[in-house]
Every structure is written in structure tokens, then in C-alpha cells.
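Breakdown of the fold
Here are the chains, one letter per residue:
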Amino acid sequence: MTQEEKKQVLTEGKMQLALFRNEEIRRVFHKKEWYFSIVDVLRILTESKQPNHDWANLKKKLVEKEGFQPFGKIERLKMMSSDGKMRETEVADPETLLRVVQSIPSKKAERFKKWLAKVGYERIQEIQNPEIAIKRAILMYKAKGYDDEWVAARIQTILSRKEITKEWKSRGITEGVQYAILTDAISMGTFEIDTKQHRELKKLKKSHNLRDHMTPLELALTMLGETATVEIMKTLNPIGLKQNKQAAKQGGEVAGKARKDIEKRIGRPVLSEDSYLPKKKQPRPLSP
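Let me sum up the structure you'll find in this document. (Residues numbered from 1 in each chain as written. Predicted model: local features only at pLDDT ≥ 70, side-chain atom pairs only at ≥ 80, totals over all residues. Heavy atoms only, no water.)

**A short note on the pairing of strand β2 (residues 23-30)**
Defined as follows: Relative accessibility thresholds used throughout: buried, under 20% of the residue-type maximum; exposed, over 50%; partly exposed, between the two (1.4 Å probe, protein chains only). The secondary structure listing takes helices from DSSP runs of H or I that are at least 4 residues long and strands from runs of E that are at least 2 residues long, numbered from the N terminus. Two strands are counted as paired when DSSP detects at least two bridges linking them.
With 6 of its 8 residues buried, β2 lies for the most part within the structure. Bridge analysis of strand β1 (residues 15-20) against β2 gives 6 bridges, and the strand direction is antiparallel. Bridged to A18 within β2 is I25. The hairpin formed by β1 and β2 contains 2 residues between the paired strands, and R21 there has a positive phi angle of roughly 50°. Pairing geometry for β2 and strand β3 (residues 33-37), over 4 bridges, is antiparallel. Opposite R27, over in β3, you have F36 as the bridge partner.

**Here we look at the nonpolar core**
Nonpolar side chains in soluble globular proteins tend to be buried together. So the rule is basically this: By nonpolar core is meant a set of buried Ala, Val, Leu, Ile, Met, Phe, Trp, Tyr and Cys residues that side-chain atoms within 4.5 Å join together. Pairs of residues are marked as contacts when any of their non-hydrogen atoms sit within 4.5 Å.
Ranked by internal contacts, the top residues of the largest apolar core, which has 25 residues, are I25, W55, L97, F112 and W115. Counting residues per element, the ones that place at least two in this core are β1, β2, β3, α2 (38-46), α3 (51-64), α4 (94-101) and α5 (109-128). In terms of residues, this core owes the most to one element, α2, which gives 6 residues. Setting aside its immediate chain neighbours within four residues, L97 contacts F36, I38, V41, A92, F112 and L116. By size, the runner-up hydrophobic cluster in this structure holds 13 residues, among which are Y141, Y146, W150 and L210.

**Comments concerning the packing of helix α7 (residues 148-170) against helix α10 (residues 216-236)**
Selection criterion: Under this scheme, a helix contributes an axis fitted over its contacting stretch, all axes are lines through C-alpha atoms, and angles between N-to-C directions fall in the 0 to 180 degree range. Here is the rule for angles: anything less than 35 degrees is roughly parallel, anything more than 145 is roughly antiparallel, 65 through 115 is roughly perpendicular, and the remaining ranges are oblique. Note: crossing handedness is left-handed where the near helix turns anticlockwise from the far helix by less than a right angle, and right-handed where it turns clockwise. Residues are grouped as follows: nonpolar covers Ala, Val, Leu, Ile, Met, Phe, Trp, Tyr, Cys and Pro; charged covers Asp, Glu, Lys and Arg; every other residue, Gly included, is treated as polar.
It is the contact of α7 with α10, at a shortest axis distance of 9 Å, that shows an interaxial angle of 25°. With respect to α10, the axis of α7 lies roughly parallel. Here α7 and α10 pass one another in a crossing that is left-handed. From α7, E149, W150, A153, R154, Q156, T157, S160, R161, E163, I164, E167 and W168 reach across to α10, where they touch P216, L219, M223, E226, T227, T229, V230, M233 and K234. In terms of residue class, the contact of α7 with α10 is built from 9 nonpolar, 5 polar and 7 charged.

**Digging into α4**
Put simply, the rule reads: Think of the arc as the fan of directions from the helix axis to the C-beta atoms.
Of the positions making up α4, those classed as buried are P94, T96, L97, V100 and V101. Here the buried residues of α4 occupy an arc of 160° about the axis, which is enough to place them on one side.

**As for the sheet that holds β2**
Taken in spatial order, the 5 strands make up an open sheet running β1-β2-β3-β5-β4, and their pairing is antiparallel. Two strands in the sheet have a free side with no partner beyond their single neighbour: β1 and β4 (74-80). Across the sheet, the mean angle separating the axes of adjacent strands is 45° when strand polarity is ignored. The sheet strands contacting α2 are β1, β2, β3, β4 and β5 (86-92), and the helix crosses β2 at an angle near 160°. Helix-sheet contacts for α4 involve β3, β4 and β5, and the interaxial angle to β3 is about 35°.

**Remarks on the pattern of salt bridges**
Side-chain pairing between opposite charges can occur once the charged atoms of the two side chains come close. Selection criterion: A pairing counts as a salt bridge when a side-chain nitrogen of Lys or Arg comes within 4 Å of a carboxyl oxygen of Asp or Glu.
For the structure shown, the criterion picks out 18 salt bridges. Close ionic contact of K108 with E47 constitutes a salt bridge, the shortest N to O distance being 3.4 Å. Taken together, the residues span a long stretch of sequence, with K108 in the loop between α4 and α5 and E47 in the loop between α2 and α3 at a distance of 61 residues. Here the residues in one salt-bridge network are E192, R259, K260 and E263, joined through shared partners.

**What to know about the side chain of T183**
Under the convention used in this document: Within 3.5 Å is the distance limit for a polar contact, defined as a pair of N or O atoms, with the added protein rule that one can donate a hydrogen and the other accept it, and that residues adjacent in sequence qualify only through two side-chain atoms.
By the secondary structure assignment, T183 is in helix α8 (residues 177-191). In terms of polar contacts, T183 uses its side chain to reach the backbone carbonyl oxygen of Y179, at 2.8 Å. Once residues within four sequence positions are removed from consideration, T183 is found in contact with R161, W168 and T195.

**Describing the packing of aromatic side chains**
Condition: Aromatic pairs are defined between Phe, Tyr and Trp rings, using the six-membered ring for Trp, whenever the two ring centres lie within 6.5 Å; interplanar angles under 30 degrees are classed as stacked, those over 60 as edge-to-face, and all others as tilted.
Taken as a whole and assessed by the stated rule, the structure comprises 11 aromatic pairs. Between F20 and F112, the aromatic rings sit 5.3 Å apart at their centres with planes inclined by 80°, giving edge-to-face as the arrangement. Taken together, the positions of F20 in strand β1 and F112 in helix α5 put the pair 92 residues apart, joining distant regions of the chain. The residues F20 and F112 share a single accessibility class, namely buried. Ring centres of Y146 and Y276 lie 4.8 Å apart, and the angle between their planes is 50°; on these two criteria the pair is classed as tilted. Taken together, the residues Y146 in the loop between α6 (130-143) and α7 and Y276 in the segment after α11 (240-266) connect sequence positions 130 residues apart. The class of Y146 is buried, set by a relative accessible area of 12%.

Shown next, in the form of C-alpha cells:
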């Protein structure tokens, strides 16, 4: 496996959600290791309503009573918060987090320690074999309740995304704003709306991943747009943002033509307000 392929799997600053007994824990890849949100772990293990406050008290206890010096071991890194904004959050690597967990009175602590050790081993596996990361993603989506048809379509978009970002990087495109510009160009060609408008249609927050809320048909067209763009890039050999934006527009138009043909045949728009957001419970009617 080449160094480039390894970077496609895990890169500095990459954020993911890890699942512990179907509860989400934010993590970020930092210094060649996963760093976990400490307050997320406290929330799960103690079922606390104020994990930030609890962490402040626990940290004080660790320092004063147990001689634990977290400085240099616990870092503050930006992570997506529940309000959709990137905020600095205290995070720890598995070794340090294990030390913290040992001081938390919880029946779940032992299970969490085993889970943490398993996660560390899985990281090594993912670096050595990217297919393992894909298989793990399949299991995660199924655990969240997605059906097989959706999962198959979602995995295809993960692969198409990896391929197109690899091409962009080799052609002088930088992550962040430039990736977003090119992604919007494909989206405009495919759906005639950009990704922000697509998110608004589905009433998503900034913390939500748009593709995790697309329908199987939207995912299939997204993949087609990206795959077509990759083939166009290989033919035209664009360099820089301007030329790659033209290739992205053309790739999106290929998927856009397919969308219009589908819409003509099914008699309804492909774009849908449907998402996989939890359904709000309706209040019970009052008894007469």
C-alpha cells in the first residue's frame, strides 16, 4: 500500500463519529492517532446532563488528589458541536482517556475500556487495509437503521469521493474552500442546486452529513457526477481551480441529463425533502 493510499484513509484533522453501544463519540485524527472527545465519553458513561461541568470537577480531582497531570496529554481541538459550529473541545488519546475512565464510577467503564482497546487495534487495521474501513462503515450504517439498498448506494459515493479528491489533489487543488467550490459545480450540474441549497431542502443542520440524508437515487446521481468528472479530468488533464471547475461542471451535466431522463420517466422530481432525521414524536391527544 502506497503512502498516498494511506493518506486517503486517515489524514490529520479528519473527524469521525465512533459508536459505543449505539451512542456517538466524536473523534479526530491527530498526531497519527485518534483523539476522543472527553465530554462525550463522560456523557455516555455517567448519563450526565452537564458533562462539561462534570469534566471540570473530575479534572480538578485528578490533579489534586491523584497527582495526574493532564497538561500535554489532553489537547483542545476544534470539533463539530451540536449547534453545527466548530468549537474547541478537550480531547485525549486512548492511553490518556483510559486513565480518565478509570476514575469514573460507572458500570459501563469496563465495557468502554475493552471497546477503546478494540478501536485502537482497528485503526492499525484500517491503515493497512482500506477495505476494512469500508466494511466497518457498512456495519455502522446498518446499526443506525439504514436499509441494504441505501447502504450500497452510500458506500459507492464514499468510493467515488475518495477517487475524485485523489484526482483533485494531484491537479493542484487544495482541501477546504476549493474542494467545496468543485463539489458545488458538480451539484449544480446534477441537481441545479448547490450543496447548501440541498441541505436547506432537507432541513439539515451544519453538523449533519448531506450524503447521509440523500435518497438512494440522489446518491446514485451524485456518484455518477463524480465518476464522470474523474474520467473527464483524466481526458482533459486540467490543472488548477479554473480548469478543474470546468471539468466538474461537465461531469455534473452528465448526471444532470440522467436526472432529467429519470424524472421524465417516473413523473416526479428526483430531488426530495426526505431525510433520515429522527421523526418528531407527535403529542398524544388529550383525553375527553
